[in-house]
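# Observations on chain architecture
Listed below, chain by chain, are the residues.
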Amino acid sequence: MTRPSMLALAVSASILLSIAARACPALIEGVPADRLKALSRGVNADGWITDPRSAPPRGLLLELRKAGMTHIRLPVPADFVMPRFAAKAEIDSRLRTVDAALKTLLGFGYAVSIDLHSGERFNALHKDDPTSAMTELRRAWTELATVMQRYPSDRVFAELLNEPDVEAAQWQGEVRELAGFIRGLLPQTTLVTGPVNWQRADSLPGFTPLDDPNVVYAIHFYDPMVFTHQAHWDPNEPLHDVTGLPFPVRADDPGVQQLREQLTALDKRKALAMVDRAIPDRGIDKWLEPATAWQRQYSRPIIINEFGVLKAGAPRDSRLRWLAGVTAYARQQCWGWTHWELSQGFGLADPVTGKADRDALRALRRHPLTHLVNRFLHNARLDRRCWCGTPTRPVTLGQSLCEQR
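Anyway, here's the lowdown on the structure attached to this text.

On to unusual backbone geometry, then. Here Phe247 and Pro248 are connected by a cis peptide whose omega angle stands at 0°. One can find Pro248 in the loop between α8 (225–228) and α9 (254–265). Backbone torsion omega between Ile279 and Pro280 reads -10°, so that peptide bond is classified as cis. Take Pro280: it is sitting in the loop between α10 (269–277) and α11 (284–298).

Written as structure tokens, this is what we have:
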């Protein structure tokens, strides 16, 4: 192929990428840009504070850091750090585990979100006695702040409460009070919070942002649930009966048709109804659009700090396709993302080998048009190393693609 033709193909590829790369939405001044960058790509390290023996292997943390992960969300079970539910000795032990985790993660160059993760006992109290629940939230954050104050405020962030399980009006008032209290303890720390109803994207439009500008707003994404939670761990849950459901969910897909036949034959009516409600699939962009509209209205930063697919029943190629679709949408909106989770049922790591799933990592970091660029380069017989790593590269976007591989 002639040099002009090769150049034309390269320019065409750069145009495709430019179309895909939308300008980031304008945000109010508040959260420093370096902190938003630190929150851009991450994973949840669930279970670490519950049982320090389940801490991620150092080799895995290093592997993920080298693969481009910048952020670890560290769930701290609320029931373990609240005086109403835990003795002082237990609270002190949990705080030492948090401290050790922060030392490890900051040593690898991660930013860390301390996520106060609500549990059954706190959730019951929150509904039945909101005043006492707020007291426990203040006590928990007073304890956590004593640890966080030892570390740089631009690397350790405070997530007020995971998935508040109360009515929206109650939480709207409480979150303002709680954020003000934590701001008094941690004056420079970026706060993270979100709406009720599992922090769904379609719950965000009913949530008014705080006056405090140094806040990132978190949503969680698991739609369609019948796909992401198929082969559910609870045998009494209808989703337990769903397995092998592909994504996207289409009525003409042979896999969908076969599953429907199986569920019909087994008289699994609830599971069948859940599958049918997911047809036709709305598409990831439609599920997340309410959060995009909210951001246009309020100009606040957003992170999807939980999303994932149970590995037990989902077809592997469909799981990878879904993960790639979520992070592609997040990148288009300039949102951060944090995968749920690291080493358990949704995990990025193989529980046997302890190593990261390379295909899943590639899916998470894949640019939506990478495959088109690679096809251009292959057809032109261009060495991708020249595209990405020498002064001859036609666009800087090529470098960002190489970094994502």
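Okay, the pairing of strand β6 (residues 215–221) next. In terms of residue burial, β6 counts as a mostly covered element, since seven of its seven residues are buried. Side-chain alternation along β6 places Val215, Tyr217, Ile219 and Phe221 on one buried face and Val216, Ala218 and His220 on a second face that is also buried. Note: strand β5 (residues 191–193) against β6, three bridges, orientation parallel. If you follow Val192 over to β6, its bridge partner there is Val216. The sheet contact formed by β6 and strand β7 (residues 302–307) spans five bridges and is parallel.

A separate point is the state of the cysteines. Using the criterion set out here, one finds one disulfide in the structure. Across a sulfur-sulfur distance of 1.9 Å, Cys24 and Cys334 are joined as a disulfide pair. One disulfide, between Cys24 and Cys334, carries an S-S torsion of -80° and so falls in the left-handed class. Of this pair, Cys24 sits in the loop between α1 (3–20) and α2 (33–38) while Cys334 is found in the loop between α12 (316–333) and β8 (336–339), placing the two residues 310 residues apart along the sequence. Note on Cys334: relative accessible area 33%, which makes it partly exposed.

For the rest of this paragraph, the subject is the pattern of salt bridges. Considering all chains together, one arrives at 27 salt bridges under this definition. For Lys103, the salt bridge goes to Asp99, with nearest N and O atoms at 3.6 Å. Here Lys103 pairs with Asp99, and both are found in helix α4 (residues 88–107), just four residues apart, close to one helical turn. Residue Asp99 is classed as buried on the basis of its relative accessible area of 11%. The partner of Asp223 in a salt bridge is Arg200, with the nearest N and O atoms 3.0 Å apart. Separated by 23 residues along the polypeptide, Asp223 in the loop between β6 and α8 and Arg200 in the loop between β5 and β6 bring together distant segments of the chain. Sharing partners across several salt bridges, the network here consists of Arg73, Asp115, Glu159 and Glu306.

Turning next to the nonpolar core. In this structure, Ile114 and Trp322 are the most contacted members of the largest nonpolar core, which totals 103 residues. In terms of residue count, helix α6 (residues 130–148) provides more of this core than any other element does, nine residues in total. Ile114 has contacts with Leu74, Val76, Val98, Leu102, Trp141, Leu144, Met148, Val156, Phe157, Ala158 and Glu159, leaving out every residue within four places of it along the chain.

As summarised here, the arrangement of the eight strands in space is β1-β2-β3-β4-β5-β6-β7-β8, forming a closed barrel in which the pairing is parallel. Strand-to-strand twist in this sheet, taken as the mean axis angle between neighbours without regard to direction, amounts to 25°. Bridge analysis of strand β2 (residues 71–77) against strand β3 (residues 111–117) gives seven bridges, and the strand direction is parallel. Paired with Pro77 across the two strands is His117, which belongs to β3. Sheet strands in contact with helix α7 (residues 168–185) are β4 (156–162) and β5, and its direction is about 150° off that of β4.

Each value, and the rule that gives it
- Residues numbered from 1 in each chain as written.
- Predicted model: local features only at pLDDT ≥ 70, side-chain atom pairs only at ≥ 80, totals over all residues.
- Heavy atoms only, no water.
- Helix = DSSP H or I, 4+ residues; strand = E, 2+ residues; numbered from the N terminus.
- Buried < 20%, exposed > 50% of the residue type's maximum accessible area, 1.4 Å probe, protein only.
- Pairing = 2+ DSSP bridges.
- Disulfide = S-S within 2.5 Å.
- Salt bridge = Lys/Arg side-chain N within 4 Å of Asp/Glu carboxyl O.
- Core = buried A, V, L, I, M, F, W, Y, C linked by side-chain atoms within 4.5 Å.
- Contact = heavy atoms within 4.5 Å.
- Axes fitted to C-alpha atoms, helices over the stretch in contact; angles between N-to-C directions.

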